[in-house]
Amino acid sequence: MTRRIRSPGAAVGAALLAVAAAGAGAAAIVLWPGARTSATAGTEEQRLELVTATGVHPLEVEIAATPERQALGLMYRTSLPDSKGMLFPHTEPRELTMWMRNTYIPLDMVFILRDGTVHRIEARTEPLSERIISSDGPVFAVLEIAGGAAGRLGLKPGDKVRHALFEAPPSN
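Predicted, not measured: the structure shown is a model, and the values here were computed from it. (Residues numbered from 1 in each chain as written. Predicted model: local features only at pLDDT ≥ 70, side-chain atom pairs only at ≥ 80, totals over all residues. Heavy atoms only, no water.)

A.B. asks: What is the right way to look at the overall build of the chain in this model?
C.D. replies: Per the secondary structure count, the chain includes three helices and eight strands. Written out in order from the N terminus, the α and β elements of the chain read α-β-β-β-α-β-β-β-β-α-β. When each of the 172 residues of the chain is scored for burial, the buried share is 48%. Summarising the internal contacts of the chain: among those between residues at least 6 apart in sequence, 70% fall at separations of at least 24. Counting every atom, the chain has about 8200 Å² of accessible surface; 58% of that belongs to carbon and sulfur. (Helix = DSSP H or I, 4+ residues; strand = E, 2+ residues; numbered from the N terminus. Buried < 20%, exposed > 50% of the residue type's maximum accessible area, 1.4 Å probe, protein only. Contact = heavy atoms within 4.5 Å. Areas by Shrake-Rupley, 256 points an atom, 1.4 Å probe, with all protein chains shown as cover.)

Structural data, given as structure tokens:
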């Protein structure tokens, strides 16, 4: 389980840890190039672009760079504009699973390969559901955007996501 912790106590604990760390002024995240601090404690916000047949669509995304931030994700939010999202990067590609526990709004989950190619999209996920949503193969990251936004933007498997995380590592 990547972002949604199955134990209710663990989810509450992760949320309290994030709040406590923010209250103590802790900064335990590694900032990616171009990061800005978000209004949400423990996150950073960066520009990301979705490259589709309908054009290039810029988004401002929060980067869930720590296990605690990934566990909390977009839980407890009551709205998410089409121009915003949250990116869940991982260190290596792997099979990822998600759920919607304590998530009050429908989301589109975009599963992304290491090179930034969209692997698959789970559209309009059901709020508060504990149904397991799988990446259906190893992926490097998940992008969560407002439910229905992928369709409105024309985003499909095979399209590209542009962000520093998906740039090829320098060769030695």
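A.B. asks: Help me understand the nonpolar core in this model?
C.D. replies: Nonpolar side chains tend toward joint burial in soluble globular proteins. If you look at the biggest cluster of nonpolar residues, it comprises 37 residues, and the most contacted ones within it are Leu 48, Leu 50, Leu 87, Val 110, Leu 143 and Phe 166. Looking at this core, the elements that each hand over two or more residues are strand E2 (44-52), strand E3 (55-63), strand E4 (84-98), strand E5 (107-112), strand E6 (118-122), strand E7 (133-146) and helix H3 (149-153). Looking at which element gives the most residues to this core, the answer is E7, with eight residues. Excluding anything up to four places from it in sequence, Leu 143 contacts Leu 48, Leu 50, Leu 59, Val 61, Met 86, Leu 87, Asp 108, Met 109, Val 110 and Ile 112. (Core = buried A, V, L, I, M, F, W, Y, C linked by side-chain atoms within 4.5 Å.)

A.B. asks: Where do I start with the environment of Arg 120 in this structure?
C.D. replies: Tracing the backbone shows Arg 120 in strand E6. A C-alpha to C-alpha distance of 8.2 Å links Arg 120 and Gly 158, two positions 38 residues apart in sequence. Once you skip the residues sitting within four places of it in the chain, Arg 120 turns out to touch Met 109, Val 110, Phe 111, Ile 133, Ser 134, Ser 135, Asp 136 and Pro 157.

A.B. asks: I'm lost on the confidence of the model for the chain in this one. Help?
C.D. replies: Detail in the predicted coordinates should be disregarded across regions flagged by low pLDDT. In the predicted model, the chain carries a mean pLDDT of 80, and the fraction of residues at 70 or more is 72%. A low-confidence stretch, residues 1-41 stays under pLDDT 50, and its non-local contacts, those more than four residues away or across chains, total 89 contacts. (pLDDT = per-residue confidence, 0-100.)

A.B. asks: When you look at a nonpolar patch on the surface in this model, what are you seeing that I'm missing?
C.D. replies: A cluster of nonpolar side chains, namely Tyr 76, Tyr 104 and Leu 128, defines an oily patch on the protein surface of about 300 Å² accessible area. Positionally, Leu 128 belongs in the loop between E6 and E7. (Patch = residues over 30% accessible without salt bridge, like charges linked within 9 Å, V, L, I, M, F, W, Y side chains within 5 Å. Salt bridge = Lys/Arg side-chain N within 4 Å of Asp/Glu carboxyl O.)

A.B. asks: Even after reading the chapter, I still don't get the packing of aromatic side chains, so can you show me in this structure?
C.D. replies: Overall, the coordinates contain two aromatic pairs when judged by the stated rule. Their ring planes at 75° and their centres at 6.0 Å tell us that Tyr 76 and Tyr 104 sit as a pair that is edge-to-face. One end of the pair, Tyr 76, is in the loop between helix H2 (67-72) and E4; the other, Tyr 104, is in the loop between E4 and E5, and 28 residues separate them in sequence. The ring centre of Phe 140 lies 4.2 Å from the NZ or CZ of Arg 114, which sits over that ring. (Phe/Tyr/Trp six-rings, centres within 6.5 Å; stacked < 30°, edge-to-face > 60°. Lys NZ or Arg CZ within 6 Å of the ring centre and 35° of its normal.)

A.B. asks: Got a minute to help me understand the pairing of E6 in this structure?
C.D. replies: For a regular strand, the rule is simple: side chains alternate between the two faces of the sheet. For E6, the tally of buried residues reaches four of five residues, placing the bulk of the element in the interior. Sheet topology note: the E5/E6 ladder contains four bridges and is antiparallel. The residue bridging Val 110 from the neighbouring strand is Ile 121, located in E6. Remark: five residues form the turn of the hairpin made by E5 and E6, two consecutive strands paired antiparallel; Gly 116 in that turn has positive phi of roughly 90°. (Pairing = 2+ DSSP bridges.)

A.B. asks: So what exactly am I meant to see when it comes to the environment of Phe 88 here?
C.D. replies: On the secondary structure map, Phe 88 appears in strand E4. Judged by its relative accessible area of 0%, Phe 88 is buried.

A.B. asks: Even after reading the chapter, I still don't get unusual backbone geometry, so can you show me in this structure?
C.D. replies: Outside of glycine, negative phi angles account for most residues, and trans bonds account for most peptide bonds. The phi torsion at Asn 102 lies on the positive side, around 60°, for a residue other than glycine. Note on placement: Asn 102 falls in the loop between E4 and E5. Under the relative-accessibility criterion, Asn 102 is labelled partly exposed at 22%.

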